[in-house]
Amino acid sequence: MNSLRIICPNGHLGFAPIRVESFRLGVAARPDYIAADSGSDDVGPVPLGTDTSTSPLAWQTHDLEHMLLAARELGVPMIIGSAGDTGANSRVDLFVKIIRELAAKHRLPRFKLGYFYSEVGREDLRRRMRGGETVVGLEGYAALTEAELDATERIVAMAGVHPFIALLEQGADVIIGGRSSDSCVFAAPAIHHGFPEDQAYYLGKVLECASFCAEPYGGKETVLGAVAADAVEVTAMHPGQRCTVASVAGHAMYERTNPYFEHVAGGTLDMSACHYEQIAEKTTRITGAKFGRAAEFRVKLEGAGKIGERYVGMVGIRDPYTIAHVDDVIAWARDKVKERFGDTGYELYYNVYGRDGVMGELEPLRDQPSHELCILVQGVAPTAEMAEEVCITGTRQMFYARLPDVKGSAGGVAFALDEVLRASPAYRWTLNHTLRCDDPLELFPTHMTTAGV
Amino acid sequence: MTTQKLSALAKTIRSKNAGVNLITFDIIFRERETYERVKRSGVLTRESVCKLYRIPPERIADFVEFDPANAIKFTIYRLRPSGSPGDPDIFGAQQYAPLLDIEVPAA
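Residues numbered from 1 in each chain as written. Chains lettered and ligands numbered in written order. Predicted model: local features only at pLDDT ≥ 70, side-chain atom pairs only at ≥ 80, totals over all residues. Heavy atoms only, no water.

Next up on the list: the sheet that holds strand β12 (residues 275–280) of chain A. Residues and elements named next belong to chain A. What the 10 strands build is an open sheet, ordered β12-β13-β9-β8-β1-β2-β3-β7-β4-β19; its pairing is mixed. The open sheet has two edge strands, β12 and β19 (446–451), and neither has a second partner. With strand direction ignored, the average angle separating the axes of adjacent strands in the sheet is 25°. Note: β12 against strand β13 (residues 283–287), 5 bridges, orientation antiparallel. Residue pairing in the sheet places Y276 in a bridge with I286 of β13. With respect to the sheet, helix α4 (residues 89–105) is in contact with β2 (33–39), β3 (78–85), β4 (111–116), β7 (174–176) and β19, its orientation differing from that of β4 by roughly 170°. (Pairing = 2+ DSSP bridges. Helix = DSSP H or I, 4+ residues; strand = E, 2+ residues; numbered from the N terminus. Axes fitted to C-alpha atoms, helices over the stretch in contact; angles between N-to-C directions. Contact = heavy atoms within 4.5 Å.)

Right under this line is the structure:
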């Protein structure tokens, strides 16, 4: 095999539906694999903490149905990483169930369905820590303590290529992965077919976000990557999009700190000597990528810990004097919450839209508020009852704030809703760490079953 | 001396999460000469970014001039990880706006 061709229709399967027209063009190009990652930590810690998806079931099913039918029609494998946004075990089970139901619905001939899990048990991690393993923090996080571990609800490990390759070696036709590095979903089949790691990981890097490596901007469109012994070529499938030197090189820096390096379980892709060349209208060729294996096999861990139940409230302000003194209004309401609940045991947040609601302390123009403000209030507490009362006190008391020279004396703020609303519980990212492993597969148990008729 | 706003010179100015505790900013130019001109001008540096966003130098995790894409890129630490209650921008996608109005001196 001189080259291996993979199409990617979606950079985050389920988060928004794939665009079917360019996907059909990709399928018509008769690729060797159809693959996509379904996860992201961009969605915040709540889905991992609450063991839910942020993507609607209908959209997940839509994308999986298109990919499954195309893959079975072509007779090529389909690979999904990071099932259901978080890659937690329940999400893997959900995607396996969807695949089974789709296979039955369409009466697809029986095929091999492989899957692997990524969750790491708290007690497993505690044993390793007590055995002397340091769980090293990333990006400003301190090394993991047992107190932080105790505060963590759920942990997933980020798989590299290894469990995907293990399942391909067992002959899987469809793979549903737990939490995975998105590039490894594509690198795994390339490595499985004997292509060099240098090219395989670059192929993954460029395909992971589908059409984000093409221009003009437009998400959820299919791109096709071809890996050879010494180069990767990437082609936009949408009639109006192209993969250009600028769009492909530009994508290398998307969502990462340093555009030259990409870290995955087991090593680092070095793109500092990459050369980009436009070889056809819609195709760019990339050479010069290097993959270096790490001396120590470390796996990234993600964990979410619960802070409490949450309610939200909203108020508006139009009086310019009140706007100029909005911090006093907030202080008044905070004070009333404090009178009722004390200083600790709850959290209360105010986002002041029209002043610095989007950027907070980073906002350079926070001293130039608009002529009207909207304030989002969040109350967080151990129970829903308390969170509701914290939030409604912190919201409604803004109405009664006492400003010395205000002309309006019938209410200091406007309510569109005279209530507070239950929101998702509040979570925080407790784990953003790495763990050393002896065996690349030890955190990722693989399973094989069948689907279809 | 006449100046131009960065928004008139750059093809892309964006911000986005890079992991849960970082926000990364990309300023991408269509032509090499515009990119070189902005680099030379000194209006986009660690120091100028700290001043614009009113953050101490320790908040800058990385600052890179990325020649293959005609791009300048910098990354800052968040004060609290993305999606913590009170975080107004879980994806970090709307933090670039102050860059648009940076005045770049004529070549």
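With that out of the way, let us pick up empty space enclosed by the protein. To find leftover empty space, one rolls a probe the size of a water molecule over the atoms. All names here are of chain A. Tallying each qualifying case throughout the model produces 2 cavities of 30 Å³ or more. A volume near 60 Å³ is recorded for the largest cavity. Looking at the largest cavity, the residues that line it are S40, D41, V43, G44, L48, D85, T86, V156, R179, E302 and W429. Here the lining of the largest cavity is built from residues that sort into 4 nonpolar, 3 polar and 4 charged. Estimated volume of the second largest cavity: approximately 40 Å³. Every residue along the wall of the second largest cavity is listed here: I392, T395, R396, F415, L417, D418, E419 and V420. (1 Å grid on protein atoms, 1.4 Å probe; cavity = no way out; pocket = protein on both sides within 12 Å on 5 of 7 lines; lining within 4 Å. Points joined across faces, edges and corners; volume = space filled by probe spheres on them. Nonpolar A, V, L, I, M, F, W, Y, C, P; charged D, E, K, R; others polar.)

Turning next to the sheet that holds strand β10 (residues 261–264) of chain A. All names here are of chain A. The strand order across the open sheet formed by 3 strands is β10-β11-β14, and the pairing between neighbours is antiparallel. One side of each edge strand has no neighbouring strand; the edge strands of this open sheet are β10 and β14 (290–293). The mean angle between the axes of side-by-side strands here comes to 20°, regardless of whether they run parallel or antiparallel. Summarising the sheet, β10 and strand β11 (residues 267–270) pair through 4 bridges and their orientation is antiparallel. Of the residues in β11, the one forming a bridge with E262 is L269. Its contacts with the sheet put helix α9 (residues 197–207) on β10, β11 and β14, and the angle it makes with β14 is roughly 110°.

Remember, this is a structural readout, not a statement about activity or role.
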